[in-house]
Amino acid sequence: MKKIIKTLVLGALVFVMASCASQRNQVSNTQRPSSQRNSPPSFAQLLSQMDANEDGKLAQSEVKGPLQQNFSRVDSNGDGFITEAELENAPKPQRGQRPPRQN
């Protein structure tokens, strides 16, 4: 009888742990809507992450990654800053192509 109770308790414990792990994965996947998971960040998100002097624009010295590599293409007026309008009108990368790596 004790063996059956131990088995049931152990089974319930395993079930609870598996349920918690599954729920944790669902929460992390739902933090960003599915429509945004594969889309680039918004201008507001970029500002919050990169706008060090909080002037509402992104200077080349502030940006990182693909945005830094393609800065001159995005900065259409050549003033050294990326505004929200310039980011929205920036050329979009072709699907399946990555920007060229710079060494």
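Residues numbered from 1 in each chain as written. Predicted model: local features only at pLDDT ≥ 70, side-chain atom pairs only at ≥ 80, totals over all residues. Heavy atoms only, no water.

Asks: Can you tell me about the side chain of Asp 51, naming the residues and giving the values?
Replies: Mapped onto the fold, Asp 51 is located in the loop between α2 (43-50) and β1 (58-59). Of note is the side chain of Asp 51, whose polar atom sits 3.0 Å from the backbone nitrogen of Asp 55. A polar contact of 2.9 Å, which involves the side chain of Asp 51, links it to the backbone nitrogen of Gly 56. (Helix = DSSP H or I, 4+ residues; strand = E, 2+ residues; numbered from the N terminus. Polar contact = N/O pair within 3.5 Å; in protein donor to acceptor, adjacent residues only side chain to side chain.)

Asks: A description of the packing of aromatic side chains should follow, citing residues and the corresponding values.
Replies: The full count for this structure, using the stated rule, is zero aromatic pairs. Between Lys 57 and the ring centre of Phe 81, over which it is positioned, the NZ or CZ distance is 4.2 Å. (Phe/Tyr/Trp six-rings, centres within 6.5 Å; stacked < 30°, edge-to-face > 60°. Lys NZ or Arg CZ within 6 Å of the ring centre and 35° of its normal.)

Asks: Could you give an account of α2, naming the residues involved and the relevant values?
Replies: For the α-helix, the turn length of 3.6 residues means that residues three or four positions removed from each other point alike. Taken residue by residue, α2 has Phe 43, Leu 46 and Met 50 as its buried positions. Down the axis of α2, the buried set is contained in an arc of 60°. They therefore lie on one face. Turned more than 90 degrees away from the buried face of α2, the exposed residues are Ala 44, Ser 48 and Gln 49. Buried residues in α2 make contact with β1, α3 (65-69), β2 (81-82) and α5 (84-88). (Buried < 20%, exposed > 50% of the residue type's maximum accessible area, 1.4 Å probe, protein only. Arc of directions from axis to C-beta. Contact = heavy atoms within 4.5 Å.)

Asks: Let's hear about the nonpolar core: which residues, and what values?
Replies: Among the nonpolar cores identified, the biggest contains 11 residues, and these are Phe 43, Leu 46, Met 50, Leu 58, Val 63, Leu 67, Phe 71, Val 74, Ile 82, Leu 87 and Ala 90. For this core, the secondary-structure elements that each account for two or more residues are α2 and α4 (71-74). Sort the elements by how many residues they give to this core and α2 lands first, with three residues. Contacts of Phe 71, omitting those with residues within four sequence positions, involve Leu 58, Ala 59, Gln 60, Val 63, Gly 80, Phe 81 and Ile 82. (Core = buried A, V, L, I, M, F, W, Y, C linked by side-chain atoms within 4.5 Å.)

Asks: Tell me about a nonpolar patch on the surface, residues and numbers included.
Replies: Together, Met 1, Ile 5 and Val 9 make up a nonpolar patch on the protein surface, roughly 350 Å² of accessible area in all. Checked against the element boundaries, Ile 5 lands in helix α1 (residues 2-30). (Patch = residues over 30% accessible without salt bridge, like charges linked within 9 Å, V, L, I, M, F, W, Y side chains within 5 Å. Areas by Shrake-Rupley, 256 points an atom, 1.4 Å probe, with all protein chains shown as cover. Salt bridge = Lys/Arg side-chain N within 4 Å of Asp/Glu carboxyl O.)

Asks: Report on the environment of Ala 90, specifying residues and quantitative values.
Replies: Along the polypeptide, Ala 90 turns up in the segment after α5. Note on Ala 90: relative accessible area 11%, which makes it buried. Along the chain, Ala 90 and Asn 70 lie 20 residues apart, while their C-alpha atoms are 9.7 Å from each other.

Asks: Please set out the side chain of Glu 86 residue by residue, giving values where relevant.
Replies: Counting through the fold element by element, Glu 86 comes out in helix α5. The buried charged residue Glu 86 lacks any salt bridge partner; its closest oppositely charged side chain belongs to Lys 57, at an N-O distance of 8.9 Å. Residue contacts for Glu 86: discarding those within four places in its chain leaves Val 74, Asp 75, Ser 76, Asn 77, Asp 79 and Phe 81. (Lys, Arg positive; Asp, Glu negative; His and termini not counted.)

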